[in-house]
Amino acid sequence: MQYALMIYAEPGYADALPDAEREAVREGFAALAADSRCVVGTALLPAETATCVRVVGGRTLMTDGPFADTKEVLGGFALIEAANLDEALELAARVPPARLGGVVEVRPVAAN
Amino acid sequence: MLEDVFRDEWGRVLASLVGYLGDFDEAEEAAQEAFAIAAQRWPVSGVPANPGAWLVTTARNRAIDRIRRQRTLAQKIHLLPVPEATVDEFDDTVIKDERLELIFTCCHPALPLDGQVALTLRALGGLETADIARAFLVSEETMKRRLSRAKVKIKATGIPFAVPDAHLLPDRLDAVLAVLYLIFNEGYSGRLDLGAEAIRLGQVLAALMPDEPEAHGLLALMMLHHARRRARFSGDDGADLVLLEDQDRSLWDHRQIAAGQAVLDRALALGGRGAYVVQAAIASLQTAERIDWSQVAELYRRLVDLTGSPVVELNRAVAIAQAGDPAAALAAVDRLDLDGYRYVHSTRGELLRRLGRHDEARAAYRRALELATSTPERRFLTRRLEEF
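Residue numbers run consecutively from 1 along every chain, following the written order of its sequence. The order in which chains are written sets their letters, starting at A; the order in which ligands are written sets their numbers, starting at 1. For a predicted model such as this one, the threshold for reporting local features is a pLDDT of at least 70, and the threshold for listing and counting side-chain atom pairs is 80 or more; totals across whole chains, interfaces and linings nevertheless cover every residue.

Novice: I tried to follow the overall build of chain B on my own but got confused; where do I start?
Specialist: Strands are runs of DSSP state E lasting at least two residues, helices are runs of H or I lasting at least four, and both sets are numbered from the N terminus onward. Each helix and strand counted, chain B has 19 helices and two strands in total. Expressed as lengths along the three principal axes of its C-alpha atoms, the size of chain B is roughly 90 × 45 × 40 Å. For every residue, the other C-beta atoms within 10 Å of its own C-beta are counted; 20 or more classify it as buried, 12 or fewer as exposed, and values in between as partly exposed. C-beta atoms are placed from the backbone. Expressed as a percentage of the 388 residues in chain B, the buried residues total 38%. Here contacts are defined at the residue level, using C-beta atoms placed from the backbone and a cut-off of 7 Å between them. In chain B, 57% of the contacts between residues at least 6 apart in sequence involve partners at least 24 apart.

The structure is reproduced here in structure tokens:
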């Protein structure tokens, strides 16, 4: 089955970390990207770069900033292939922000 | 009689069908069909030698028939074909016990807790949805939705029908034990059937995981508490709480106490030192004719180490007082940061009273009275205050 991992974290959560820990975060993401079960995955540029689009009455409206104004923002995502939810949850738990105050939302993709 | 066989077999039959069909709803439908046929036939032809195998085989055959019918229908209307793999591979002589897989699926932490509880009672315990709804004081519709949401999530998210791998097992077993204890405690606050149901489920789990000390520990704990249930409440409406020292011990179920102690011995022999084993050991000590309160206090100390809970520390203080040292007990209570917890104040009041510090005792009881939430509690505390 395929699952989306949506990675939420406070912007700059890694900045205050000691060098070794920041390096561990970098390695954690690299390991996920290199995992054969990872179909695609990437970090996103900061939430300030986000633009929300909606079409109302034929007019395209744009607003600056992320959709939800929360402390944690969507900072990256991955699409993974896992045998079942347990395997997906284990992979999610290895995403660095999960142990650094952030959260990883795991959702099966609809095409399964 | 037939009902007992049904209740005993339901979990095993359903587990086997979920494992075989890979779908909760289809499994439930097939099981229900098989049980309905049994209810018609068995009173006439007698209960078969192996009722479980009979039920599983019958249910599988019905499910296969249905799959065939659906496939024919699908072919007629040119829909996707149903895979054939499930049709020919079953062996009706050996029915594998897959209840452990079912337990871990029902108590998967990705499901909401109320869904875990409901599904465990329905799938494993064989309780009717209406009965579960009544026990949890919600409408049958609400309970149906709760069950259906849990089953949809299992299917849609790929929650595995499996016993977790060794490295996941400790956490996942904790989740299972927590669900059973939650069911038990629902029953303990007055609805007796759920207490008995939790014990039945605990017995199944302990039998399926004979080397897990905490599974035995939880079972022992539930049995030792359940054995005292008839002595715990009094009054016309049966709603007045009776404290341990005032309980009529002739109302205790001594056979269940002995059985619970045997289960506890097993847990201890397995090296069990976890929170459920320690609580069961405390409950066991409290069934003695003369309670060894210093040993109870020592076990509460271990439980504090395991849980870090200030409420457990309060219990430890009470045991210290019972062991004859109210001053040490008061010192322990005064170290607690639990000002909004009413039992801290009633306990302080009692300890200060025993130490002859009556003004302070009255103040503590008054604070407890301010925080009291129920009429029996208020009555009890008012009586205490009048005694000075």
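Novice: Teacher, can you tell me more about the overall build of chain A here?
Specialist: For chain A, the helix and strand inventory stands at two helices and six strands. Starting at the N terminus and ending at the C terminus, chain A contains elements arranged as β-α-β-β-β-β-α-β. In terms of overall dimensions, chain A has a C-alpha envelope of 45 × 40 × 20 Å along the principal axes. Counting the 112 residues in chain A, one finds 18% classified as buried.

Novice: How should I be thinking about the sheet that holds strand β5 (residues 73-81) of chain A in this particular structure?
Specialist: Pairing between the strands of a sheet is mediated by backbone hydrogen bonds and can be parallel or antiparallel. Residue and element names in this part refer to chain A. When DSSP locates at least two bridges between a pair of strands, those strands are taken to pair. Spatially, four strands are ordered β2-β5-β1-β6 in an open sheet, and the strand pairing comes out antiparallel. Whereas interior strands pair on both sides, the edge strands pair on one side only; in this sheet they are β2 (38-43) and β6 (103-108). Strand-to-strand twist of the sheet, defined as the mean angle between neighbouring strand axes without regard to direction, takes the value 20°. Where β2 lies against β5, five bridges are found, and the strand directions are antiparallel. Considered in β5, the bridge of A43 is made with G76. The angle between two axes is taken between their N-to-C directions and runs from 0 to 180 degrees, where each axis is a line fitted to C-alpha atoms and a helix contributes only its stretch in contact. Against the sheet, helix α2 (residues 85-93) contacts β1 (2-9), β5 and β6, and its axis sits at roughly 155° relative to β6.

Novice: Help me out: how do you make sense of the pairing of strand β4 (residues 59-64) of chain A in this one?
Specialist: Remark: a regular strand shows side chains that alternate across the two faces of the sheet. Residues and elements named next belong to chain A. With zero of its six residues buried, β4 lies for the most part at the surface. Note: strand β3 (residues 51-56) against β4, six bridges, orientation antiparallel. Along β4, the bridge assignment pairs C52 with T63.

Novice: Before we go on, may I ask you to explain the interface of chain A and chain B in this structure?
Specialist: Size of an interface: often given as the accessible area lost when the parts come together. Of the residues lining the interface, five residues belong to chain A; the matching set on chain B comes to eight residues. Under the grouping applied here, Gly and all other residues not named as nonpolar or charged are polar, the nonpolar ones being Ala, Val, Leu, Ile, Met, Phe, Trp, Tyr, Cys and Pro and the charged ones Asp, Glu, Lys and Arg. A per-class count over the side of chain A that touches chain B returns three nonpolar, one polar and one charged.

Novice: Would you mind going over the nonpolar core with me for this structure?
Specialist: Buried together is how nonpolar side chains tend to be arranged in soluble globular proteins. Residues L14(B), L17(B), L180(B) and A280(B) are the most contacted members of the largest nonpolar core, which totals 117 residues. Ignoring any residue separated from it by four or fewer positions in sequence, one finds L17(B) in contact with A27(B), A30(B), A31(B), V56(B) and A59(B). To define a nonpolar core, we join buried Ala, Val, Leu, Ile, Met, Phe, Trp, Tyr and Cys residues through C-beta atoms within 7 Å and take the resulting set.

Novice: Help me out: how do you make sense of the domain arrangement of chain B in this one?
Specialist: Residue and element names in this part refer to chain B. The start and end points of each domain follow an automatic or database-based domain assignment. Assigned domains of chain B: these are domain 1 (1-97), domain 2 (98-186) and domain 3 (307-386). Counting residues at the interface gives 15 residues for domain 1, matched by 12 residues for domain 2. For the side of domain 1 that touches domain 2, the elements supplying multiple residues, two or more each, are α1 (2-21) and α2 (24-45). Counting residues per element, the side of domain 1 that touches domain 2 draws most heavily on α1, which supplies 10 residues. When grouped by side-chain class, the residues that make up the side of domain 1 that touches domain 2 number six nonpolar, three polar and six charged.

Novice: Sorry, what's going on with the environment of Y8(A) here?
Specialist: All names here are of chain A. Here Y8 lies in strand β1. Overall, the presence of 20 C-beta atoms within 10 Å leaves Y8 in the buried class. It is 9.3 Å that separates the C-alpha atoms of Y8 and G101, two residues lying 93 residues apart in sequence. Setting aside chain neighbours within four positions, we find Y8 in contact with E72, V73, L74, G75, G102, V103 and E105.

Novice: What am I meant to see in unusual backbone geometry here?
Specialist: Apart from glycine, the bulk of residues carry a negative phi angle, and the bulk of peptide bonds sit in the trans form. Non-glycine residue L137(B) carries a positive phi angle of around 55°. Its location among the elements puts L137(B) in the loop between α6 (129-135) and α7 (140-157).

Novice: How should the environment of D171(B) be read in this particular structure?
Specialist: Residues and elements named next belong to chain B. With respect to the element layout, D171 can be found in helix α8 (residues 169-188). Under the C-beta neighbour-count criterion, D171 is labelled exposed, with 10 such atoms within 10 Å. Once the C-alpha coordinates of D171 and W252 are considered, the two residues, 81 residues apart in sequence, prove to be 35 Å apart.

Novice: What am I meant to see in the packing of α1(B) against α2(B) here?
Specialist: In helix packing, the relevant descriptors are the interaxial angle and the interaxial distance, both defined with respect to the helix axes. Residue and element names in this part refer to chain B. Orientation of α1 relative to α2, taken along the N-to-C sense of each, is 145°, at an axis distance of 9 Å. Every pair of crossing elements has a handedness; the one defined by α1 and α2 is right-handed. Contacts between α1 and α2 involve L2, F6, V13, L14, L17, V18 and L21 from the former and F24, E26, A27, E28, A30, A31, F35, A39, W42 and P43 from the latter. Of the residues assigned to the contact of α1 with α2, the class counts are 15 nonpolar, no polar and two charged. Helix crossings get a hand from a simple test, with the near helix turned counterclockwise from the far one by less than a right angle marking a left-handed crossing and a clockwise turn marking a right-handed one.

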